[in-house]
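Residues per chain, in single letters:
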Amino acid sequence: MESNVAPAKAPSIASILNNPHAGKSDGWWWPTSSSLPVVPEFAPLNPLPKPGSDLTRTDFTPYIASFSDPFARFHDIQTHTKSTLLLDDQNGENALVACLREVPSLYFKEDFQLEDGVTFKSVTAENLVVQEKLSQYLDVVELHLVREISLRSSSFFEAQGQLEDLNSKIVEGCKRIRELKETIRLLDTNLVGPARKLQELNVKRSDLVALQNKLNLIIYVNQALSTLNLLVASADCAGALDVTDDLQHLLDGDELAGLHCFRHLRDELATSIDSINSILSAEFMRVTIQEAGNMDAAITSKFKARATIAINGEGHEVKLDEEETSNFRDRLLPFVIGLLRTAKLPAVLRIYRDTLTADMKTAIKTAVEELLRVLCAQPLDSDFVAGERVVDTDGGSSSLASRLRSLPPESFVQLLKAIFMIVQAHLARASEVKKTIEWIICHLDDHYAADSVAAAIALGAAAAETASEADGQITTFSQFSPPSNFSRGFSIHEKGNDVTTMSHLSRNFRADILRENTEAVFAACDAAHGRWAKILGVRAPIHPKLRLQEFLNIYNITQEFITATEKIGGRLGYSIRGTIQSQAKAFVDFQHDSRMAKLKAILDQENWAEFDVPDEFQTIVTSLFCPKSGTTGHADDDSAVTATSQTEVVQSSSDPSMVDAGVPNISHNTEQSDSTSTHPDSTSQSNDTNSRESGRSNPRMLSFGGVSYHMVNCGLILVKMLSEYIDMNNSLTGLSSEVVHRVVDILKFFNTRTCQLVLGAGAMQVSGLKSITSKHLALTSQVISFTYTIIPEIKRILFLKVPETHKGLLMLEVDRVAQDYKVHRDEIHSKLVQIMRERLLVHLRSLPQIVESWNRQEDTDSQPSQYARSITKEVGLLQRVLSRTLHEVDVQAIFRQVVIIFHSQISEAFSRLDISSQQARQRTYRDVQHLLGCIRSLPSDSKSNPPNWGQLDEFLAQNFCAEASQ
């Protein structure tokens, strides 16, 4: 319904316009489609008259005539509108409100849409009356809209009136402007012109003077740039820096501001300064490093010519005499001053550090490669194991590491000595450079260049601070950034504060230079330490297998190298110290393991026969443990060992392959002292046989502290090993604690294994002994007693090198081992007493039968009984064996217990017997007297009279008084 009605009424709404050209007969509220508004064609406006021209009212006549009729109609409409508004106000209601009252509110909803089903039904299908009134509603709305529009058309006519007023004011303004311009023209011609002319001439003169100055400045800068290029090309760095300072001063000011021709001057100046720094840096490197390169070739050539080097850590130290030092300082001084002025000395010193480190590494590598060709061509050492060396016949067939490992120990030491000399030469040069820079920076008080150096330091400090602030970096300098002209950049107003700030900057700059200077030398030392440690690391699997003296040669030269380089570098070299300490510990561990294996093999093959002590072992004991003789390293000197068969028996070797070959064969010197029983008599017979076969009745013994000890082969080997441990302790002082631990281990092992083999009778299984005799026990007691006696002396010697922090625990360990040896010795003595007790009990078990036979038979034999003679014979044999082997104090202690056992056991055995017949009493009395005679003769520390008085004497006195009186 709406779609059919709305288009017909739309032209009426659109044609309602207030067109001034519309006909008077047309209704203003019902315009037709033919009365469309026509835009009037205005005549073009005449151009505005120039200032000072006359305008009249007749000039606006065409414009007024074209708008006279429309203006009249507009006036009528305005009058009608006012009357209508008055009528509406009188009715007291608004047109739109009336419209809303007549038309249903459904059509004014914001969400009114015919597409909506509910809305469509309410408008069309369900209410036909509403559909018929739609056209009426539309007319009502249009009527009220036209009325509202007409009510608001009055504002247009008000604007038109204001436009007329504005036009009149514009005309008046133009008139006044023309008058003012005329007045200004007269003033400009008569008064301002000459004064302005004079001012322009003065300005022109000033501009010409400034231009002349600028041209002179351009000429100066141009000439300075040309001079700068020539100075840089001729490597005159001092003159070039003077020119750059002047140019930098101009750049920091405003003299060159705005000169397009010098827009790249700052970059050119920076390029020139970089060139100067490059020249100074190159010359600095040439003087400090490159000129020292010939020393390596000289050392290498000397080594090749002699093939050996005898080095004494201080004898080959490279030093410059006073004249050479002075010349070197004079050569280095201008380069250092130049680098100070550009604040590049710290950076150049860092480059110098890297270059020095690389040069040190290259020199060592080159020397090793060249010297290996000479060393690998030398004949193999006789003691060097064949097959471990790879000869580099073609100069490069084997790697550098394999050739280093193939070197014999002596050749490797020679190589280290050559490297030592090369490193010393380089470090001596670096140390001289360090001293020279320190002299220039800190000790140049009375020198002719002292003022130049001070100014250069101040200039460099300021430049460094400026550069750090430009890069946005936080430095240790104070917040002060002066340019090249120091008086222009101070941010502090008081002069005293200015001086303080500059002094602070200079101190920081000096500290930075000295720090980098020290770091360069230390870095070179650290590089040398690293190369040395790497060379040692290549041979790490070989060094533990060396002899002690061979390893000590490497260890000692390394210590000399560390001491010499640390003295120059000023700091500890932890890397190389760790390397040599780890290899020394590996050496001690390997030597200890090999000695433990060797000692175990010797103990397993020991037959516990007395051994004739060679003189070298007495020399070892005397030199090591006697208070008047200091500890010496004679045990490491193979030339001190004689070529006798006995010396060969105890000759030790660090090579594990020689362990089996070094096990002594006791049969070379003496027959086996074993017997088929544990009887003391068989032991004595065996001992007599050994003495006769050895060709002497009294074999040589080992003396210590005025006391002599009988020794077996394993005891002598232990002495030799202990002397080697002491030598290791004296030589490898940093590993004294480790050596003490190893000594404790080997002493524990020797004591434990000896106890297993002798007291535990293990020797009967491992070495083939048929029995363990009292002679074996006595010799073992002597070895254990000797070891127990020298343990305090060993502890005293070893603990001279042990740190105080480790002494407490180590002393407890050593004391515990000493106590174990004492217990072992006492157990051996107890075992000897037990043997005699068992023999006594064996004979006493047959005593009841013997006494019973006495009661039945007559006494026809005046001699003691067979059991009594057997007991006394066995006791006598044990006494002879022990008296020949053990010390008197030990023999007395042993037989004191034997006497006590004899008194108690024999008296107890007789007291249990029934001795009723007279002949049995006589036989018993005779046997007791025989046994007491034997007891009286035994060595003892008893103070009784008669000697060794005991229970058997009391038994005799109580039961045989009559026989005793007869």
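In this text the structure is predicted, and so the values were computed from the model without any measurement.

**Quick notes on the overall build of the protein chain**
Step number 1: In terms of helices and strands, the protein chain carries 33 helices and two strands.
Step number 2: Counting only residues that meet the buried cut, the protein chain has 43% of its 966 residues in that class.

**Things to note about the pattern of salt bridges**
Step number 1: Under the definition given, this model contains 31 salt bridges.
Step number 2: Across the pair Arg 286 and Glu 283 runs a salt bridge whose closest N-O atoms are separated by 2.6 Å. Of the two residues, Arg 286 and Glu 283 both sit in helix H10 (residues 265-288), three residues apart, roughly one turn of that helix.
Step number 3: On the accessibility criterion, Arg 286 (30% relative accessible area) is partly exposed.
Step number 4: By relative accessible area, Glu 283 is classed as partly exposed at 24%.
Step number 5: With its nearest N and O atoms 2.5 Å apart, the salt bridge here joins Arg 515 to Asp 512. One end of the pair, Arg 515, and the other, Asp 512, are both in helix H17 (residues 495-538), three residues apart, so they sit about a helical turn from each other.
Step number 6: Here Asp 512 falls in the buried class, since its relative accessible area comes to 18%.

**Digging into unusual backbone geometry**
Step number 1: Positive phi, close to 60°, is recorded for Ala 343, a residue that is not glycine.
Step number 2: Structurally, Ala 343 can be placed in the loop between helix H12 (322-341) and helix H13 (345-377).
Step number 3: Judged by its relative accessible area of 17%, Ala 343 falls in the buried class.
Step number 4: Residues other than glycine seldom take positive phi values, yet Ala 761 does so here, at roughly 60°.
Step number 5: Summarising the element assignment, Ala 761 is placed in the loop between helix H24 (736-759) and helix H25 (763-766).

**A closer look at the nonpolar core**
Step number 1: Core analysis: the largest hydrophobic core is formed by 198 residues, its most contacted members being Phe 284, Leu 340, Tyr 352 and Leu 415.
Step number 2: The element that contributes the greatest number of residues to this core is helix H15 (residues 409-442), accounting for 15 residues.
Step number 3: Once you skip the residues sitting within four places of it in the chain, Leu 415 turns out to touch Val 368, Leu 371, Leu 372, Leu 375, Leu 404 and Leu 407.
Step number 4: Core analysis: the second largest hydrophobic core is formed by six residues, Ala 363, Ala 367, Met 421 and Ala 425 among them.

**Examining the packing of aromatic side chains**
Step number 1: Per the stated rule, a full pass over the model turns up nine aromatic pairs.
Step number 2: Centroid distance Phe 420 to Phe 561: 5.5 Å. Interplanar angle 80°. Geometry classified as edge-to-face. In this pair, Phe 420 is assigned in helix H15 and Phe 561 in helix H18 (residues 548-569), connecting sequence segments 141 residues apart.
Step number 3: Taking relative accessible area as the criterion, Phe 561 reaches 0% and is therefore assigned buried.
Step number 4: An aromatic cluster is defined as three or more aromatic residues linked by ring pairs; in this entry it consists of Phe 420, Trp 532 and Phe 561.
Step number 5: It is Arg 329 that lies over the ring of Trp 439; its NZ or CZ is 4.8 Å from the centre.
Step number 6: Stacked on the ring of Phe 522, the Lys or Arg Arg 571 has its end atom at 4.5 Å from the ring centre.

**Some words on the environment of Val 336**
Step number 1: Summarising the element assignment, Val 336 is placed in helix H12.
Step number 2: Taking the relative accessible area as the measure of exposure, Val 336 reaches 0% and is therefore buried.
Step number 3: When the C-alpha atoms of Val 336 and Ala 456 are compared, they prove to be 9.4 Å apart, with 120 residues separating the residues in sequence.
Step number 4: Dropping the residues within four chain positions of it, Val 336 is found in contact with Phe 284, Leu 345 and Ile 440.

**As for helix H31 (residues 918-937)**
Three or four residues apart is the spacing at which side chains of an α-helix point the same way, because the helix has 3.6 residues per turn.
Step number 1: Taking 1.5 Å per residue as the helical rise, H31 with its 20 residues ought to reach 28 Å, and the 29 Å between its terminal C-alpha atoms agrees with that figure.
Step number 2: Within the sequence span of H31, burial applies to Gln 919, Ala 920, Arg 923, Thr 924, Tyr 925, Arg 926, Asp 927, Val 928, Leu 931, Leu 932, Cys 934 and Ile 935.

**Quick word on the packing of helix H29 (residues 866-885) against helix H30 (residues 888-911)**
Axis angle and axis distance: for two packed helices, these are the angle between their axes and the distance between the axes, and together they describe the pair.
Step number 1: Between H29 and H30, whose axes approach to 11 Å, the crossing angle comes to 170°. The angle between the axes of H29 and H30 places the two elements in the roughly antiparallel class. The residues of H30 that touch H29, namely those facing Tyr 867, Ile 871, Val 875, Leu 878, Gln 879, Leu 882 and Ser 883, are Val 891, Ile 894, Phe 895, Phe 902 and Phe 910.
Step number 2: A breakdown of the residues in the contact of H29 with H30 according to their chemical character gives 10 nonpolar, two polar and no charged.

**Structural notes on the packing of H30 against H31**
Step number 1: Close contact between H30 and H31 brings their axes to 11 Å; oriented N to C, the two are set at 175°. In terms of orientation, H30 and H31 fall into the roughly antiparallel class. For the pair H30 and H31, contact is made by Val 899, Phe 902, His 903, Ile 906 and Phe 910 and by Thr 924, Val 928, Leu 931, Leu 932 and Ile 935, respectively.

**Considerations on a negative patch on the surface**
Step number 1: Residues Glu 110, Asp 111, Glu 115 and Asp 116 make up a contiguous surface patch of negative charge.
Step number 2: When you line up the elements, Glu 110 lands in the loop between helix H4 (95-102) and helix H5 (117-125).
Step number 3: The exposure class of Glu 110 is exposed, given its relative accessible area of 84%.

**Things to note about the environment of Lys 585**
Step number 1: Inspection of the secondary structure assignment puts Lys 585 in helix H19 (residues 574-605).
Step number 2: Between the C-alpha atom of Lys 585 and that of Leu 732, which follows or precedes it by 147 residues, the distance is 9.2 Å.
Step number 3: Excluding residues within four positions of it along the chain, Lys 585 makes contact with Leu 735, Glu 738 and Arg 742.

**Digging into the confidence of the model for the protein chain**
Step number 1: The predicted model of the protein chain has a mean per-residue pLDDT of 75, with 74% of residues at 70 or higher.
Step number 2: Here residues 1-43 is modelled with pLDDT under 50, and outside its nearest four sequence neighbours on either side it reaches 37 contacts, counting other chains as well.
Step number 3: Here residues 473-496 scores under 50 on pLDDT; set against residues more than four positions off or in separate chains, the count is 55 contacts.

**Observations regarding the side chain of Gln 892**
Step number 1: With respect to the helices, strands and loops of the structure, Gln 892 is situated in helix H30.
Step number 2: With relative accessibility at 19%, the residue Gln 892 sits in the buried group.
Step number 3: Setting aside anything within four residues of it in sequence, one finds Gln 892 in contact with Pro 939, Ser 940 and Asp 941.

**Overview of the environment of Ile 906**
Step number 1: Position of Ile 906 among the secondary structure elements: in helix H30.
Step number 2: Considered as a pair, Ile 906 and Leu 840 are 66 residues apart in the sequence and their alpha carbons are 8.5 Å apart.
Step number 3: Beyond its immediate sequence surroundings of up to four residues, Ile 906 is in contact with Leu 840, Leu 844, Ile 901, Leu 931 and Leu 952.

Definitions and cut-offs
Residues numbered from 1 in each chain as written. Predicted model: local features only at pLDDT ≥ 70, side-chain atom pairs only at ≥ 80, totals over all residues. Heavy atoms only, no water. Helix = DSSP H or I, 4+ residues; strand = E, 2+ residues; numbered from the N terminus. Buried < 20%, exposed > 50% of the residue type's maximum accessible area, 1.4 Å probe, protein only. Salt bridge = Lys/Arg side-chain N within 4 Å of Asp/Glu carboxyl O. Core = buried A, V, L, I, M, F, W, Y, C linked by side-chain atoms within 4.5 Å. Contact = heavy atoms within 4.5 Å. Phe/Tyr/Trp six-rings, centres within 6.5 Å; stacked < 30°, edge-to-face > 60°. Lys NZ or Arg CZ within 6 Å of the ring centre and 35° of its normal. Expected span 1.5 Å × (residues − 1). Axes fitted to C-alpha atoms, helices over the stretch in contact; angles between N-to-C directions. Parallel < 35°, antiparallel > 145°, perpendicular 65-115°, else oblique. Nonpolar A, V, L, I, M, F, W, Y, C, P; charged D, E, K, R; others polar. Patch = residues over 30% accessible without salt bridge, like charges linked within 9 Å, V, L, I, M, F, W, Y side chains within 5 Å. Areas by Shrake-Rupley, 256 points an atom, 1.4 Å probe, with all protein chains shown as cover. Lys, Arg positive; Asp, Glu negative; His and termini not counted. Charge placed at Lys NZ, Arg CZ, Asp CG, Glu CD. pLDDT = per-residue confidence, 0-100.

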